[in-house]
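So you can see what is in the structure, the chains are spelled out below.
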Amino acid sequence: MDNYARYFAKHRTPPKYLIGDRVSGKWNDIPFIGTVLVEHIVSEDNNPTVHVMLDLPIKYENNWHTFITTSPKKLKIRK
């Protein structure tokens with residue numbers, strides 16, 4: 001198990017947001033505030049993504065969203 005920890009510490013970027021962090025940003029040009037569920041990298045070909053649980057649902061293209069997936073670069077930490 002120690003080998004995995006050393007591998008990921010050496011080859012992966014550490015997460016910018018932790019579970020429970022309060023964040024705000026824009027998703028499809030709609031402002032939101034929410035809580036980070038998880039930040040992860042699916043593969044080395046894709047950029048990191050963050051799953052956010054929204055405080056208020058967002059209606060986008062006739063669908064209501066309570067959870068969204070976005071890039072960490074589009075988020076700002078709230079204090």
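Our structure is the block above this text.
Summary of the structure given here. (Residues numbered from 1 in each chain as written. Predicted model: local features only at pLDDT ≥ 70, side-chain atom pairs only at ≥ 80, totals over all residues. Heavy atoms only, no water.)

A look at the nonpolar core
Step number 1: Counting residues in hydrophobic clusters, the biggest one holds 11 residues: Tyr17, Val23, Trp27, Phe32, Val36, Val50, Val52, Leu54, Ile58, Ile68 and Leu75.
Step number 2: Of all elements in the fold, only strand 1 (22-27), strand 2 (30-40) and strand 3 (49-60) reach the threshold of two or more residues within this core.
Step number 3: Element by element, the count of residues in this core is highest for strand 3, at four residues.
Step number 4: Ignoring sequence-local partners within four residues, the contact set of Tyr17 consists of Val23, Val36, Glu39, Val50, Pro72, Leu75, Lys76 and Ile77. (Core = buried A, V, L, I, M, F, W, Y, C linked by side-chain atoms within 4.5 Å. Buried < 20%, exposed > 50% of the residue type's maximum accessible area, 1.4 Å probe, protein only. Helix = DSSP H or I, 4+ residues; strand = E, 2+ residues; numbered from the N terminus. Contact = heavy atoms within 4.5 Å.)

Things to note about the packing of aromatic side chains
Step number 1: Applying the stated criterion to the full structure yields two aromatic pairs.
Step number 2: Consider the rings of Tyr7 and Phe8, whose centres lie 5.2 Å apart with planes at 80°: the pair is edge-to-face. (Phe/Tyr/Trp six-rings, centres within 6.5 Å; stacked < 30°, edge-to-face > 60°.)

Structural notes on the pattern of salt bridges
Step number 1: Applying the stated criterion to the full structure yields one salt bridge.
Step number 2: Across the pair Arg22 and Asp55 runs a salt bridge whose closest N-O atoms are separated by 2.6 Å. One end of the pair, Arg22, is in strand 1; the other, Asp55, is in strand 3, and 33 residues separate them in sequence.
Step number 3: When its relative accessible area of 41% is taken as the criterion, Asp55 is described as partly exposed. (Salt bridge = Lys/Arg side-chain N within 4 Å of Asp/Glu carboxyl O.)

Brief notes about the pairing of strand 3
Step number 1: Alignment of strand 2 against strand 3, held across six bridges, turns out to be antiparallel. Within strand 3, the residue paired with His40 across the bridge is Thr49.
Step number 2: Here strand 3 runs beside strand 4 (residues 63-70); their pairing, made up of seven bridges, is antiparallel. Counterpart to Tyr60 in the pairing with strand 4 is Asn63. (Pairing = 2+ DSSP bridges.)

Section: a nonpolar patch on the surface
Step number 1: There is a patch of nonpolar side chains on the surface, built from Met1, Tyr4, Tyr7 and Phe8 and spanning about 530 Å² of accessible area.
Step number 2: Tracing the sequence through the fold places Tyr4 in helix 1 (residues 2-11). (Patch = residues over 30% accessible without salt bridge, like charges linked within 9 Å, V, L, I, M, F, W, Y side chains within 5 Å. Areas by Shrake-Rupley, 256 points an atom, 1.4 Å probe, with all protein chains shown as cover.)

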